[in-house]
Amino acid sequence: MEEKSVLDTYEQKRQWVRQFNLTSDLFAGKVFEDLAASQELCRILMQQPGLRLKSVRTQYVIRNLESHSVQLDILAEEDSGNMISIELQMYSEVAPFRRTRYYTSCIDMNILEKGREYYELPDVTVLYITKGDFIGCKTGVYQVDRKIRDNSQAIDATNGVHEKYFNLEYSSKDAEIDELLHYLKDSDPFYQTKLFPRIVERVNLYKMQKEGVDVMCEIADRIRREGKNEGKIEGKIEDIMELLEELGKIPTKIAQRIGQETNLNVLGRWHRCAARASSISEFEAWMSEPERFILK
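Summary of the structure given here. (Residues numbered from 1 in each chain as written. Predicted model: local features only at pLDDT ≥ 70, side-chain atom pairs only at ≥ 80, totals over all residues. Heavy atoms only, no water.)

## A word on the side chain of Arg-99
Inspection of the secondary structure assignment puts Arg-99 in helix α4 (residues 96-111). A polar atom in the side chain of Arg-99 sits 3.5 Å from the side chain of Tyr-128. Arg-99 has contacts with Gln-89, Tyr-91, Glu-93 and Tyr-128, leaving out every residue within four places of it along the chain. (Helix = DSSP H or I, 4+ residues; strand = E, 2+ residues; numbered from the N terminus. Polar contact = N/O pair within 3.5 Å; in protein donor to acceptor, adjacent residues only side chain to side chain. Contact = heavy atoms within 4.5 Å.)

In structure tokens, the structure reads:
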């Protein structure tokens, strides 16, 4: 017998979908697969109102047979041929700069055809959005510049990779960027703005209109049936990391293991362990030997 969805009525579906916002990979993937919506996003974050996109892909997978594959949240191509990668990371990331390094290298390998020269590589801009200010200077936006420094001067050494890091914790001091970042968290389908009307229109489609609501529910139901509900997985990972951060500095190997886990049953057990552990070492012991962890 075919599994019956718990979302039996349209109103139930709509109420369920309304809990999503644009920090969710699932929801953002549908909203920003639209070229005009992604163009508004890129124009604001890059502060280039005349920027034009040629194409956009969401949840774009670059498969590497002999090394680690990657899934890019949003990958867009400008009319000029330059590339833009937008990443939404709402849980604590151990090595965001290294993630950026690896992602840009995968993009380069994917687009530079055999026999082409290195100077033909297009520029790649990474727009990396996080929940918290992991850099720690209490501002909402950071731009990374590559320089050669000696005793007297700093020489520009750009290699075509441009990095901007945004967070939802602090103001960027730019009204347009702040309005957009706030909307990523809120995602009100009835929001009024002249700055990014297409993004709001797409949010309204998938939150309020039957056609869009049905699409969202169909996708979510399929993911749920397959046990790969990324929203739940990321939420559980975030909860575990927040509990562990209260206990002290999280070792890289533990954070990486948690971040790569996709089994919700395992994540649920680790969440219970993190809630009861009195130290990182105690959590690690329970994590490695689950039979030692007994709920009383």
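## Here we look at the pattern of salt bridges
Under the criterion given, the structure shown has 13 salt bridges. Here Glu-77 and Lys-54 are joined by a salt bridge, their closest N and O atoms 3.5 Å apart. With a gap of 23 residues between them, Glu-77 in strand β2 (residues 70-78) and Lys-54 in strand β1 (residues 53-62) connect regions that are remote in the sequence. A residue is classified by how much of its surface remains accessible, and Glu-77, at 22% relative accessible area, is partly exposed. A salt bridge links Arg-116 to Glu-113, with the shortest nitrogen-to-oxygen separation between them at 3.8 Å. Looking at Arg-116, the relative accessible area reads 40%, which means it is partly exposed. Connected via shared salt-bridge partners are Lys-30, Glu-33 and Arg-202. (Salt bridge = Lys/Arg side-chain N within 4 Å of Asp/Glu carboxyl O. Buried < 20%, exposed > 50% of the residue type's maximum accessible area, 1.4 Å probe, protein only.)

## Here we look at the nonpolar core
For soluble globular proteins, nonpolar side chains are generally found buried alongside one another. In terms of nonpolar packing, the biggest core is built from 43 residues, with Leu-22, Phe-32, Leu-45, Ile-84, Ile-129 and Ile-199 touching the most fellow members. In terms of residue count, helix α3 (residues 35-46) provides more of this core than any other element does, six residues in total. Excluding its chain neighbours within four sequence positions, the residues that come into contact with Ile-129 are Leu-45, Ile-86, Glu-87, Leu-88, Gln-89, Met-90, Phe-166, Leu-168, Leu-181 and Leu-184. Counting residues in each nonpolar core, the second largest holds 20 residues, with Met-241, Val-266, Trp-270 and Ala-277 among its members. (Core = buried A, V, L, I, M, F, W, Y, C linked by side-chain atoms within 4.5 Å.)

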